[in-house]
Amino acid sequence: MIALTASARALRVFQVMWVIGFLVGTTTHTADLIIGGLDAYSAFPLGVRLFWVTLTILDPATAALIIFRRRSGIVLGSTVIIADIAVNWTVFATVGGLSSFGVICQSLFAVLIFVTARPLWIWFGQSSTRERGNVTREA
């Protein structure tokens, strides 16, 4: 087995944390829809309801892209978390119905995303450069 350097281990941990975070979101929204059906978010404005339902697709898509070390996953994940905390904090402050624990945890996850996005971007780019190099050498 190849020993990983400390920085490689840290990058793997960041990758796993992103995947877990987006899969938690996937699970939450999927469970809401299984339990409540399409009316799961009926107490909220239509745009918010549509956004939350859309997260059942965007969250696992982000997780998959991160698993496969695609930079598009970093872009999608960053975009999703910005939109999600903006929507959830707005709902929390104006409509209510969301727990402070949830919006705070989600905001902490957003901090993790923003702190680790650049190192992951660099790491993911290195893997795709290596893959392109291997294709070129084999051709």
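Everything below is about the structure shown above.
To keep things clear, this report deals only with the structure shown in the data block. Quick caveat, the model's predicted, so the values are computed rather than measured.

Broken down by element type, the protein chain carries 4 helices and 0 strands. Its helices and strands in sequence order give the protein chain the pattern α-α-α-α, from N to C terminus. Out of the 139 residues in the protein chain, the part that is buried amounts to 34%. The contacts in the protein chain between residues at least 6 apart in sequence include a share of 68% that link residues at least 24 apart. If you sum the accessible surface of the protein chain, you get close to 8,400 Å²; carbon and sulfur atoms cover 71% of it.

Here Gly 102 shows up in helix H4 (residues 100-138). Of the residues examined, Gly 102 reaches a relative accessible area of 31% and is grouped as partly exposed. Distance in space between the C-alpha atoms of Gly 102 and Asn 88 is 9.1 Å, their sequence separation being 14 residues.

Despite not being glycine, Arg 69 shows a phi value in the positive range, around 55°. Secondary-structure assignment places Arg 69 in the loop between helix H2 (46-67) and helix H3 (71-94).

Inspection of the secondary structure assignment puts Pro 60 in helix H2. On the basis of relative accessible area, Pro 60 is assigned to the partly exposed category, the value being 27%. Among all residues touching Pro 60, those that are not within four sequence positions of it are Thr 26 and Leu 55.

Another aspect to go through is the side chain of Asp 59. The residue Asp 59 is located in helix H2 in this model. No salt bridge forms around the buried Asp 59; measuring N to O, its nearest opposite-charge neighbour Arg 49 is 17 Å away. Residues within four places of Asp 59 in sequence aside, it is in contact with Phe 22, Gly 25, Thr 26, His 29 and Val 80.

Before going further, it helps to examine the packing of helix H1 (residues 6-36) against H2. H2 packs onto H1 with a crossing angle of 155° between their chain directions and a minimal axis gap of 8 Å. Viewed along their axes, H1 and H2 adopt a mutual orientation that is roughly antiparallel. Crossing geometry of H1 relative to H2 is assigned as left-handed. Each of Gln 15, Trp 18, Val 19, Phe 22, Leu 23, Gly 25, Thr 26, His 29, Thr 30 and Leu 33 in H1 lies in contact with H2, whose residues at this interface are Trp 52, Val 53, Leu 55, Thr 56, Asp 59, Pro 60, Thr 62, Ala 63, Ile 66 and Ile 67. In the contact of H1 with H2, the residues fall into 12 nonpolar, 7 polar and 1 charged.

Rules and cut-offs
- Residues numbered from 1 in each chain as written.
- Predicted model: local features only at pLDDT ≥ 70, side-chain atom pairs only at ≥ 80, totals over all residues.
- Heavy atoms only, no water.
- Helix = DSSP H or I, 4+ residues; strand = E, 2+ residues; numbered from the N terminus.
- Buried < 20%, exposed > 50% of the residue type's maximum accessible area, 1.4 Å probe, protein only.
- Contact = heavy atoms within 4.5 Å.
- Areas by Shrake-Rupley, 256 points an atom, 1.4 Å probe, with all protein chains shown as cover.
- Lys, Arg positive; Asp, Glu negative; His and termini not counted.
- Salt bridge = Lys/Arg side-chain N within 4 Å of Asp/Glu carboxyl O.
- Axes fitted to C-alpha atoms, helices over the stretch in contact; angles between N-to-C directions.
- Parallel < 35°, antiparallel > 145°, perpendicular 65-115°, else oblique.
- Left-handed = near helix turned anticlockwise from the far one by under 90°.
- Nonpolar A, V, L, I, M, F, W, Y, C, P; charged D, E, K, R; others polar.

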